[in-house]
Amino acid sequence: MSLSIPEIVQLLSSRATTWYGQEAVSQLEHALQCAHLAELANEAPETVVAALLHDLGHMLSTERTAVPDHEALPAKDDLHQYVALPFLRSLFPDAVLEPIRLHVDAKRYLCAVDALYWDALSPASKHSLELQGGRFDDAHVHAFEDLPFYAEAVRLRRYDDLAKVPGQPTPALAHYAALMQQVTTA
Ligand SMILES: [Fe+2]
């Protein structure tokens, strides 16, 4: 069970008109904005690729929605952070896979350690936080900080939260396809 880089590019391209949750950007725009923010912050290429692909699980598991449906908040956690991993494991190193795997827990972590973080979450993100288990307690905070790539996951999370700006210019997907070729282990 594996995807090729051209198949990933195809999947991302196909989501140019599919909305990102309850936000006013497409899934492709969200992925490109997230990767661009990581790049602007001088992240390693692996972290930029993780930012690009962090929601690939949504694209593999959810139905397309032609317009944003602000009334329809999800009723359960889709566990999308895990869905893409089997498809990516033979292509990319842990430096790409682990920030993807941890990016939801990173939100639970940030809500525990940063008093302002929860306040700034969008209503949709506050809703999904509860479905994902809510903010971490102290034991979870310390266990999370022991994980490799937790810091990259936390930074990815902050790019994720900002990557929702309608019309924001970014490099084209081809730019990030080249970056995927650069970091692949296949
Ligand atoms: Fe996201």
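Residues numbered from 1 in each chain as written. Predicted model: local features only at pLDDT ≥ 70, side-chain atom pairs only at ≥ 80, totals over all residues. Heavy atoms only, no water.

Some points on the environment of Ser2
One can find Ser2 in the segment before helix 1 (5-13). C-alpha of Ser2 to C-alpha of His127: the two residues are 125 residues apart in sequence and 32 Å apart in space. Sequence-distant contacts of Ser2, that is, excluding residues within four places in its chain, are made with Glu7, Pro86, Phe87 and Ser90. Polar side-chain contacts of Ser2 include one of 2.8 Å to the side chain of Ser90. (Helix = DSSP H or I, 4+ residues; strand = E, 2+ residues; numbered from the N terminus. Contact = heavy atoms within 4.5 Å. Polar contact = N/O pair within 3.5 Å; in protein donor to acceptor, adjacent residues only side chain to side chain.)

Considering the packing of aromatic side chains
Taken as a whole and judged by the stated rule, the model has four aromatic pairs. Ring geometry for Tyr109 against Phe144: centres 5.1 Å apart, planes inclined by 40°, an arrangement best described as tilted. Residue Tyr109 is found in helix 7 (residues 94-113), and its partner Phe144 is found in helix 10 (residues 138-145); the two are separated by 35 residues along the sequence. Owing to a relative accessible area of 8%, Tyr109 belongs among the buried residues under this scheme. Summarising the aromatic geometry, the rings of Phe144 and Tyr150 are spaced 5.8 Å apart at their centres and angled 75° between planes, so their arrangement reads as edge-to-face. Classification of Tyr150 as partly exposed rests on a relative accessible area of 24%. Against the face of Trp118 rests Lys126, its NZ or CZ located 4.1 Å from the ring centre. (Phe/Tyr/Trp six-rings, centres within 6.5 Å; stacked < 30°, edge-to-face > 60°. Buried < 20%, exposed > 50% of the residue type's maximum accessible area, 1.4 Å probe, protein only. Lys NZ or Arg CZ within 6 Å of the ring centre and 35° of its normal.)

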